[in-house]
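# Geometric and topological summary
Spelled out from the first residue to the last, the chains are:
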Amino acid sequence: MRMHLRGTVLPGDEVQDLWVHDGVISFEPVRGAETLCDSGWIVPGLVDAHCHVGIRYGGGHEDREGAVAQAEIEREAGALLLRDAGSPIDTRFIDDRPELPEIIRAGRHIARPKRYIRELGIELDDERDLPDIVAEQARFGDGWVKIVGDWIDRSVGDLAPLWSDAILTEAIEAAHREGARVTAHVFGEDALPGLINAGIDCLEHGTGLTGDTIAIMAEHGTALVPTLVNIDTFPDIADSATKFPVYAAHMRDLHRRVRDTVADAHAAGVPIYTGTDAGGSIRHGRIADEIEALAGAGLSRHEALAASSWRAREWLHRPGVEAGAPADFVVYRTDPRESREALDRPAYVVLRGQVYPGRDPVTGHR
């Protein structure tokens, strides 16, 4: 398909003409191109950097048909690049579906017995196996590995680390030797120093960050994906944990201060990216909600959109809107940095040079 577009190409403020031919972007005219739009805002495809294609809403493993439906919902919302941050199923078949977003896989979650959601992860009886399993999952994934850094320990009735500091260092070094980066699920405070000092590349959630651990993150260049739409479920989690009152109170406190925590991390220079934690308890297609949440947690609207588009794509080693790059972008009729309404109403979603209508924000359908 040959097409021509004119609009403001973010992150710049310049109105430009661009063309698409054979699925790639050109800034040189393409003969026979049909004009798709002559005004608007053209944004590099949005990124959901914590998105579980393969986990059914409400829990359990998704089948292939369900995984495809999840990916389609993400595309309709403009999320064209997904980092799965752990999936119980092999979604590589989606790579053969050009109409679906690209998925960067992190393999399966790696946890200890009874220390994570049942049947989602690989459970290790002996933590000494962690480096070998991390290396295995690094080879299975697309440059990322996901470990569970903390979870409720019912013997103490609160969040507690799963791994010793020494074994974390060995495991992260093993992943790095395989050319993979490592991220970790972590809610509380206690697991953070060991994870960051071991050289972890990213933290998911990070609700327990304090001034001290934020400073270490900034020093190490550790990224944060705060998943704020998921953290907003913490009060419900606490309400369901009546047998563990210390844990419940802890979860409520983490929720209460999370936006200040993210603001402090941003002010310290910690790289922050969007992730919804879609799958399980969060429905797919909520990337606009996460951008809006970041805009209410110390980031400007421009910074929040960058964290979900051009900056996130650079972090994940994928191009933006540039000559020769795959034509993966979203077109908005009004400036998406100015209002939530713009984000909710993408005019067009272009994926690999094919045009798809955006999702209707009222009906939730195309």
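See the structure above.
Attention here is on the structure that accompanies the text.

Procedures and definitions
- Residues numbered from 1 in each chain as written.
- Predicted model: local features only at pLDDT ≥ 70, side-chain atom pairs only at ≥ 80, totals over all residues.
- Heavy atoms only, no water.
- Helix = DSSP H or I, 4+ residues; strand = E, 2+ residues; numbered from the N terminus.
- Buried < 20%, exposed > 50% of the residue type's maximum accessible area, 1.4 Å probe, protein only.
- Pairing = 2+ DSSP bridges.
- Axes fitted to C-alpha atoms, helices over the stretch in contact; angles between N-to-C directions.
- Core = buried A, V, L, I, M, F, W, Y, C linked by side-chain atoms within 4.5 Å.
- Contact = heavy atoms within 4.5 Å.
- Phe/Tyr/Trp six-rings, centres within 6.5 Å; stacked < 30°, edge-to-face > 60°.
- Lys NZ or Arg CZ within 6 Å of the ring centre and 35° of its normal.
- Right-handed = clockwise from strand over helix to strand, strands pointing away.

Moving on, we come to the environment of tryptophan 19. Looking at where tryptophan 19 falls in the secondary structure, it is placed in strand 2 (residues 15-21). Overall, tryptophan 19 belongs to the buried group, its relative accessible area being 13%. Separated by 223 residues in sequence, tryptophan 19 and threonine 242 place their C-alpha atoms 58 Å apart.

Pairing is parallel across the open sheet formed by 3 strands, whose spatial order is 6-7-8. Each end of this open sheet is capped by a strand with a single partner; those strands are strand 6 (46-48) and strand 8 (102-104). Adjacent strand axes in the sheet meet at a mean angle of 25° when their direction is disregarded. Sheet topology note: the strand 6/strand 7 (residues 79-83) ladder contains 3 bridges and is parallel. Within the sheet, the bridge partner assigned to aspartate 48 lies in strand 7 and is leucine 82.

Let's shift gears to the nonpolar core. Generally speaking, nonpolar side chains in soluble globular proteins are found buried as a group. Judged by nonpolar contacts, the single largest core of 90 residues is most densely connected at Ile110, Leu130, Ile147, Leu195 and Leu203. By residue number, the principal contributor to this core is helix 8 (residues 245-267), which donates 7 residues. Setting aside residues up to four positions removed in sequence, isoleucine 147 forms contacts with Ile110, Leu130, Val134, Leu168, Val182, Thr183, Ala184, His185, Leu195 and Ile200.

Let us look at the packing of aromatic side chains. The tally for this structure, following the rule as stated, stands at 5 aromatic pairs. Linked through ring pairs, Tyr116, Trp151, Phe187 and Phe234 together constitute an aromatic cluster. Its guanidinium or amino end placed over the ring of phenylalanine 93, arginine 64 lies 4.3 Å from that ring's centre, counting from NZ or CZ. Above the plane of the ring of tyrosine 57 lies arginine 283, whose end atom (NZ or CZ) is 3.8 Å from the centre.

Burial analysis of strand 7 places 5 of its 5 residues in the buried class, the great majority of the element. At this point the chain moves from strand 6, through helix 1 (residues 64-76), to the parallel strand 7, and the crossover so formed is right-handed. Alignment of strand 7 against strand 8, held across 3 bridges, turns out to be parallel. Within the sheet, the bridge partner assigned to leucine 82 lies in strand 8 and is isoleucine 103.

A cis amide bond, omega 20°, links leucine 10 with the succeeding residue proline 11. A positive phi angle is found at lysine 114, which is not glycine, with a value near 60°. You will see that threonine 227, though not glycine, has its phi angle at about 45°, which is positive. Inspection of the secondary structure assignment puts threonine 227 in the loop between strand 16 (223-225) and helix 6 (228-231). For threonine 227, a relative accessible area of 0% corresponds to the buried category.

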